[in-house]
Structure formats: C-alpha cells, structure tokens
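# Tertiary structure, described
Here is what each chain is made of, one letter per residue.
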Amino acid sequence: MAVRQLRIDDDPILRKTSRVIEEIDDKIQTLIADMIETMNEADGVGLAAPQIGILKRMVIIDVGNGPVTFINPTILTSEGEVSDEEACLSLPDRSGFVIRPQSLVVEAMDSDGNIFQLECSDLLARAVCHELDHLDGILFIDHVVK
Ligand code: ZN
C-alpha cells in the first residue's frame, strides 16, 4: 500500500468526469488500499479517486465505522434538506455551508463486485453527496450557500 499524492486547488483533473469501472482487477484492489491509506493519512472522512488523479468512479467513505468502498455509485432516492459546513482534502484552505439531503439511498458495487444498497443519513449522506460530486468534476464550493 502507498499514500498517493492529493490533487488540490486548481488541478484540472478535479474538474473532469470519471469513467465507470468495468472490472474489479488487481489494479482496482491496489487503488482501494491506497485510497484508504491516503484518506487515513490526511485524516479525511472521504476520498474520491480523481482526488489522487485517477478518473474512475470510486469513492471511499469512513465516518467513524471503518472505510466503505463504493464502486460506480449512484444515488437512488433522497429526502429532506440540511445545511452544514463542508471542507475537502482537495481544497485545503476552504470551507463553507452546503445544503444536502438529510437522508438518501445509494447503490454501488463493493470490492468483491457485489451490488449493495445503503441507507444513509446526516454526515454519511453528506459525505456520499460530496464524494459522488467529485466523480462528475463538481466541488463543494460550487454549492456553497454562505
Ligand atoms: Zn472533496
């Protein structure tokens, strides 16, 4: 495993759209391990592959219960609105309030290739929205309300 370099600030890769992962091979398993290590090293709640320069639709989220891997994730349904402060490992000097759903259901593939659905609320729902945005080149500063 290795800590990868974070892409930050105006790095153009942060604005690109990531590609669907077709096959979970050894390279993807290495990527998962490296993303977890990189996220932990940076003390983050989540990390999306483009943040380490890899344009693949994969994010890791850990809100305190251990890392969860989401491959090719999509949000199926969402409910409610909550405004709270966000920050991003790729924008080290920025923070701001963003409105996100209070709860949502996300569907993704795990590292074994199994499809799963997860009901998320509060911080986890916020992290899912934030990290999935990265896969479409969207940063939280695009949504800041104050
Ligand atoms: Zn981010």
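Reference entry: report on the structure contained in this document. The shown structure was predicted, so the numbers you read here are calculated from the model rather than taken from an experiment. (Residues numbered from 1 in each chain as written. Predicted model: local features only at pLDDT ≥ 70, side-chain atom pairs only at ≥ 80, totals over all residues. Heavy atoms only, no water.)

So, on to the sheet that holds strand E2 (residues 58–61). Ordered in space as E1-E2-E3-E6-E7, the five strands form an open sheet in which the pairing is antiparallel. In the strand order of this sheet, the two ends are held by strand E1 (46–48) and strand E7 (115–121), each with one partner. The mean inter-strand angle of the sheet, taken between neighbouring strand axes irrespective of direction, is 40°. Across four bridges, the pairing between E2 and strand E3 (residues 68–79) is antiparallel. Paired with Val 59 across the bridge in E3 is Phe 70. Helix-sheet contacts for helix H1 (residues 26–41) involve E1, E2 and E3, and the interaxial angle to E2 is about 40°. Each of E1, E2, E3, strand E6 (103–109) and E7 is contacted by helix H2 (residues 122–134), which is oriented at about 125° to E7, the strand it contacts most. (Pairing = 2+ DSSP bridges. Helix = DSSP H or I, 4+ residues; strand = E, 2+ residues; numbered from the N terminus. Axes fitted to C-alpha atoms, helices over the stretch in contact; angles between N-to-C directions. Contact = heavy atoms within 4.5 Å.)

Moving on to the coordination of the zinc ion. Donor atoms from the polypeptide that bind the zinc ion are Cys 88 (SG), His 130 (NE2) and His 134 (NE2), placed at 2.0 to 2.2 Å. Taken in chain order, the donor set of the zinc ion reads C-x41-H-x3-H. Of the two residues, Cys 88 is situated in strand E4 (residues 82–88) and His 134 in helix H2; the sequence distance between them amounts to 46 residues. Taking relative accessible area as the criterion, Cys 88 reaches 9% and is therefore assigned buried. (Donors = N, O, S within 2.8 Å, 3.2 Å for Na, K, Ca; no water. Buried < 20%, exposed > 50% of the residue type's maximum accessible area, 1.4 Å probe, protein only.)

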